[in-house]
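The chain contents come next:
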Amino acid sequence: MDDALVRVGRALRVALLVALALLFLVPFYLLVRNGLATDAEITSPEWTFFPSSLQWGNIAELFNDTAIPFARTLLNSALIAVATTVGTLLLASLAGYGLARIPYRHSDKVFYAILGTLMVPAAVTFVPSFVLVSSLGWVSTLRGLIVPTLFSAFACFVFRQYFLGFPRELEDAARVDGLGYWRTYWRIVVPNARPVFAAVGTIVFIGAWNAFLWPLVIGQDQQAWTVQVALATLNTAQTVNLHELFVAAAVSVLPLLLVFLFFQRWIVAGVERSGIDD
């Protein structure tokens, strides 16, 4: 009787997980289905699981559209997301390690000041940031899109809390070998903190890839547009290019899926705060 109940419970859990997985995949199915259909099929009241004829030419049409340099926007978004992720991980991890490990009388005050910036609405700093970037001549440049977003108080907080629980024995062994703070951080801490680096890096990458308002204001030249700005131009008050919009959305999602699939193992470990790899 108990074995039967266990099997039933297991079957119900599997069925629930399958149902949730299918529900999660519905938006991706809609992107692919509508991206390979005509506008008439997308708006037709008679729904079909897939179009009668897949419009693979929609992809070529998107990349050949002279009004939107989509390939360029993909490159811009990739450069911005990668540079922002690498810069944020470096700055936030160094700040977090310093606050957690380097003795300093006012380290707690600095940490609380950093946390205080999390309570400041982004709208408050938006205009001053734009004025600063404009005065430096960084409008419509990758520097203007990347540099103001490099430091993350949230990432600093996560790294600081993680390093507080980092085994001191490893650092003490490094000190015995004559390593200072920098070499201890680079040779001991970073290799053994891959889970938290992967988790924070994925969050930062997704945020940088999906950013819209700042790239819209700073990227005033068409050659400085990002993917999100390009998507917005396909949906205006005058025209809505449905099939190109869905194709562009599907293409723009692919890098995020690849990043998640590649770092999935480390992300899960970072969320679980497993700490040191065996």
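Residues numbered from 1 in each chain as written. Predicted model: local features only at pLDDT ≥ 70, side-chain atom pairs only at ≥ 80, totals over all residues. Heavy atoms only, no water.

Chemist: Looking at this structure, how should I read the layout of surface pockets?
Modeler: Any empty space left between atoms is shown by rolling a water-sized probe over those atoms. If you add up the space inside the largest pocket, you get close to 1000 Å³. Lining the largest pocket we find 31 residues, and of these A122, T125, P148, T149 and F151 sit closest to its centre. Every element with two or more residues in the lining of the largest pocket is listed here: α4 (70-101), α6 (122-135), α8 (153-164), α11 (194-210) and α12 (213-218). Looking at side-chain class alone, the lining of the largest pocket contains 23 nonpolar, eight polar and no charged residues. Estimated volume of the second largest pocket: approximately 350 Å³. Taken together, 16 residues line the second largest pocket, and the ones lying closest to its centre are T85, V86, L89, F197 and G201. Going through the elements one at a time, α4, α10 (181-189), α11 and α14 (242-272) are the ones with two or more residues in the lining of the second largest pocket. (1 Å grid on protein atoms, 1.4 Å probe; cavity = no way out; pocket = protein on both sides within 12 Å on 5 of 7 lines; lining within 4 Å. Points joined across faces, edges and corners; volume = space filled by probe spheres on them. Helix = DSSP H or I, 4+ residues; strand = E, 2+ residues; numbered from the N terminus. Nonpolar A, V, L, I, M, F, W, Y, C, P; charged D, E, K, R; others polar.)

Chemist: What should I look at first to understand the packing of α4 against α8 in this one?
Modeler: The interhelical angle for the contact between α4 and α8, taken along N-to-C directions, is 45 degrees, at an axis separation of 7 Å. Here α4 lies oblique to α8, going by the angle between them. Regarding α4 and α8, the two cross each other, and that crossing is right-handed. Residues T88, L89, A92, S93, A95, G96, Y97, L99, A100 and R101 of α4 form the contact with α8, whose participating residues are A155, C156, F159, R160, F163 and L164. Counted by class, the contact of α4 with α8 contains 11 nonpolar, three polar and two charged residues. (Axes fitted to C-alpha atoms, helices over the stretch in contact; angles between N-to-C directions. Parallel < 35°, antiparallel > 145°, perpendicular 65-115°, else oblique. Left-handed = near helix turned anticlockwise from the far one by under 90°. Contact = heavy atoms within 4.5 Å.)

Chemist: Please explain a nonpolar patch on the surface as it appears in this structure.
Modeler: Together, V32, F49, F50, L54, W56, I59 and F63 make up an exposed nonpolar region whose accessible area comes to about 670 Å². You can see W56 is positioned in the loop between α2 (39-43) and α3 (57-64). (Patch = residues over 30% accessible without salt bridge, like charges linked within 9 Å, V, L, I, M, F, W, Y side chains within 5 Å. Areas by Shrake-Rupley, 256 points an atom, 1.4 Å probe, with all protein chains shown as cover. Salt bridge = Lys/Arg side-chain N within 4 Å of Asp/Glu carboxyl O.)

Chemist: Hey, could you run me through the nonpolar core in this one?
Modeler: Note that soluble globular proteins tend to have their nonpolar side chains buried in a common cluster. One finds F159, Y162, F163, A193, V196, F197 and V200 to be the most contacted residues of the largest nonpolar core, which totals 23 residues. For this core, the secondary-structure elements that each account for two or more residues are α4, α5 (107-117), α8, α10 and α11. A per-element tally of this core places α8 first, with seven residues. In this view, A193 contacts Y162 and F163; residues no more than four positions away in its chain are not counted. Judged by nonpolar contacts, the second largest core, of 19 residues, contains A208, V247, V251 and V259. (Core = buried A, V, L, I, M, F, W, Y, C linked by side-chain atoms within 4.5 Å. Buried < 20%, exposed > 50% of the residue type's maximum accessible area, 1.4 Å probe, protein only.)

Chemist: When you look at the side chain of H243 in this model, what are you seeing that I'm missing?
Modeler: Relative to the elements of secondary structure, H243 occurs in helix α14. Within the structure, the side chain of H243 is placed 2.8 Å from the side chain of D39, a separation counted as a polar contact. The contact partners of H243, leaving out residues within four places of it in the chain, are N34, G35, A37, D39, I42, N58 and E61. (Polar contact = N/O pair within 3.5 Å; in protein donor to acceptor, adjacent residues only side chain to side chain.)

Chemist: I keep staring at the pattern of salt bridges and nothing clicks. Help me out?
Modeler: Side chains that differ in charge, positive against negative, can pair when their charged atoms come close. One pass over the structure, following the stated rule, counts two salt bridges. For E171, the salt bridge goes to R101, with nearest N and O atoms at 2.6 Å. Of this pair, E171 sits in helix α9 (residues 168-176) while R101 is found in helix α4, placing the two residues 70 residues apart along the sequence. Each member of the pair, E171 together with R101, is buried. Salt-bridge contacts for R160 lead to D108; the nearest nitrogen and oxygen are separated by 3.6 Å. Highlighted residues: R160 in helix α8 and D108 in helix α5, separated in sequence by 52 residues. Judged by its relative accessible area of 12%, R160 falls in the buried class. Under the relative-accessibility criterion, D108 is labelled partly exposed at 41%.

Chemist: Would you explain the side chain of T85 in this entry?
Modeler: Of note, T85 is situated in helix α4. Of note is the side chain of T85, whose polar atom sits 2.6 Å from the backbone oxygen of A81.

Chemist: Explanation requested: empty space enclosed by the protein in the structure shown.
Modeler: Enumeration according to the criterion identifies one cavity of 30 Å³ or more in this entry. Put simply, the largest cavity is a space of about 40 Å³. Lining of the largest cavity is provided by S77, I80, A208, W209, A211, P215, T226 and Q228. Listing elements by their share of the lining of the largest cavity, those giving two or more residues are α4 and α11.

Chemist: In this structure, what is going on with the confidence of the model for the protein? I would like to understand it.
Modeler: Detail in the predicted coordinates should be disregarded across regions flagged by low pLDDT. With 94% of its residues at a pLDDT of at least 70, the protein reaches an overall mean of 87. Predicted confidence is poor over residues 274-278, with pLDDT under 50, and the contacts of this stretch with residues over four places away or in other chains come to 11 contacts. (pLDDT = per-residue confidence, 0-100.)

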